[in-house]
Amino acid sequence: MHTNTRIKILDIAMNLNRVGNWAADDYFGKKDRIVTFLKSTSSYIQNIDKNSLPTSFADTFNNFIKEYRILEKEGIKKPANPIFWAEDMMTWGNILTHRSKLI
């Protein structure tokens, strides 16, 4: 059970890093791909059983979800600064990758 959850978290983290890299490289040229991956990531997030997360990881994930909702809206619309937005996405990708070890 926990291994499956960890894999889902790592899939989310990988998507965040991909999207961040694309946005940093060329947000406007890759916007369609970015939006597709944001929607896919949102679906992954909804499929996580939040009640099964250990408390050592749950707070991180809850903070991520709050921030992700804002980042997703910005990414679909148009970030004020695509580079800063990209850095936020990659930061969360790295945080989730490292913290997933707690699952």
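Our subject is the structure listed above.
Residues numbered from 1 in each chain as written. Predicted model: local features only at pLDDT ≥ 70, side-chain atom pairs only at ≥ 80, totals over all residues. Heavy atoms only, no water.

> Is there a simple way to think about the nonpolar core in this case?
Nonpolar side chains tend toward joint burial in soluble globular proteins. Formed by 27 residues in total, the largest nonpolar core has its most connected members in Ile12, Phe61, Phe64 and Leu96. Those elements giving two or more residues to this core turn out to be α1 (2–26), α2 (31–46), α3 (55–77) and α4 (82–99). Contact partners of Phe61, with chain neighbours within four places excluded, come to Ile9, Ile12, Ile45, Ile48, Lys50, Leu53 and Leu96. (Core = buried A, V, L, I, M, F, W, Y, C linked by side-chain atoms within 4.5 Å. Buried < 20%, exposed > 50% of the residue type's maximum accessible area, 1.4 Å probe, protein only. Helix = DSSP H or I, 4+ residues; strand = E, 2+ residues; numbered from the N terminus. Contact = heavy atoms within 4.5 Å.)

> In this structure, what is going on with the packing of aromatic side chains? I would like to understand it.
Evaluation of the coordinates by the stated rule reveals seven aromatic pairs. Consider the rings of Trp22 and Phe37, whose centres lie 4.8 Å apart with planes at 85°: the pair is edge-to-face. Remark: Phe37 occurs in helix α2 and Trp22 occurs in helix α1; sequence separation between them is 15 residues. Exposure remark for Trp22: the relative accessible area of 15% places this residue in the buried category. For the ring pair Tyr27 and Trp85, a centre distance of 6.3 Å and an interplane angle of 75° mean the geometry is edge-to-face. In this pair, Tyr27 sits in the loop between α1 and α2 while Trp85 sits in helix α4, placing the two residues 58 residues apart along the sequence. With relative accessibility at 2%, the residue Tyr27 sits in the buried group. On the basis of relative accessible area, Trp85 is assigned to the buried category, the value being 2%. One aromatic cluster is present, built from ring pairs that chain together Phe57, Phe61, Phe64, Tyr68 and Trp92. The ring of Trp22 is capped by Arg33, whose NZ or CZ atom sits 4.9 Å from the centre of that ring. (Phe/Tyr/Trp six-rings, centres within 6.5 Å; stacked < 30°, edge-to-face > 60°. Lys NZ or Arg CZ within 6 Å of the ring centre and 35° of its normal.)

> How should I be thinking about α3 in this particular structure?
Residue pairs three or four apart in sequence face the same way in an α-helix, which turns once every 3.6 residues. When the terminal C-alpha atoms of α3 are compared, their 34 Å separation across 23 residues agrees well with the 33 Å that a helix rising 1.5 Å per residue should span. Tyr68 marks the point of greatest bend in α3, at about 25°. Every buried residue of α3 is accounted for by Phe57, Ala58, Thr60, Phe61, Phe64, Ile65, Tyr68, Leu71, Glu72 and Gly75. Looking at the packing, one finds that the buried side of α3 touches α1, α2 and α4. (Expected span 1.5 Å × (residues − 1). Bend = angle between axes of the 7 residues up to and from the residue.)

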